[in-house]
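Listed here are the chains, written in short residue letters.
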Amino acid sequence: QVHLIESGGGLVQAGDSLTLSCAASGGALASYSMGWFRQAPGKERQFVAAVSWNGGTTYYADSVKGRFTISKANANTVDLQMNSLEPEDTAAYYCAADSRVWTLSKLINDYAYWGQGMQVTVSS
């Protein structure tokens, strides 16, 4: 059973930076790709960023490209560095793991494991 625990969320001002971290345990995590998704109130959960199992490939949503950076600190930890935050980035952020070996996806349904989520609020 894979468990994902997010940390680093909070309240910041527009233009600030914040780093989210996701610690994973259980499963063959070294072969999993990892992703971050977010969900704003009243909206559907949407893709933010994903990193391949070896950290060599990354995908980003257009809305965060150039501002956010996803990285694998090690086989069990993935970080999301968020710079130049905007009020539109306010949402609950979720870490997710894709157990299909050696794949990388932007699709919610491809991720089998999810963290509980944490709030990021950006004030204007």
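To be clear, the structure that these remarks concern was listed above.
Values in this document were obtained by computation on a predicted structure and should not be read as measured data.

Attention now moves to the pattern of salt bridges. Overall, the coordinates contain six salt bridges when judged by the stated rule. A salt bridge links K65 to D62; the shortest N-O distance between them is 3.2 Å. One salt bridge connects D98 with R100, and the closest N-O pair in it is separated by 2.8 Å. Assessed through its relative accessible area of 0%, D98 is described here as buried. On the accessibility criterion, R100 (35% relative accessible area) is partly exposed. Look at the salt bridges and you will find they share partners, linking R38, R67, E86 and D89 into a network.

Remark: the centre distance and the inter-plane angle together describe each pair of aromatic rings, the angle taken between the planes. Throughout the structure, instances matching the rule amount to five aromatic pairs. With 5.7 Å between their ring centres and 75° between their planes, F37 and F47 make a pair best called edge-to-face. Taken together, the residues span a long stretch of sequence, with F37 in strand β4 (residues 33-39) and F47 in strand β5 (residues 46-51) at a distance of ten residues. In this pair, the class of F37 matches that of F47, namely buried. With a centroid separation of 5.0 Å and an interplanar angle of 55°, the aromatic rings of F37 and W114 are classed as tilted. Of this pair, F37 sits in strand β4 while W114 sits in strand β10 (residues 113-114), and the two are 77 residues apart along the sequence.

Tallied over the full model, the rule gives one disulfide. Paired by a disulfide, C22 and C95 hold their sulfur atoms 2.0 Å apart. Measuring the twist about the S-S bond at about -80°, one finds the C22-C95 disulfide to be left-handed. You can see C22 sitting in strand β3 (residues 18-25) and its partner C95 sitting in strand β9 (residues 91-98), a full 73 residues away along the chain. Residue C95 is classed as buried on the basis of its relative accessible area, which comes to 0%.

Cut-offs and rules
Residues numbered from 1 in each chain as written. Predicted model: local features only at pLDDT ≥ 70, side-chain atom pairs only at ≥ 80, totals over all residues. Heavy atoms only, no water. Salt bridge = Lys/Arg side-chain N within 4 Å of Asp/Glu carboxyl O. Buried < 20%, exposed > 50% of the residue type's maximum accessible area, 1.4 Å probe, protein only. Phe/Tyr/Trp six-rings, centres within 6.5 Å; stacked < 30°, edge-to-face > 60°. Helix = DSSP H or I, 4+ residues; strand = E, 2+ residues; numbered from the N terminus. Disulfide = S-S within 2.5 Å.

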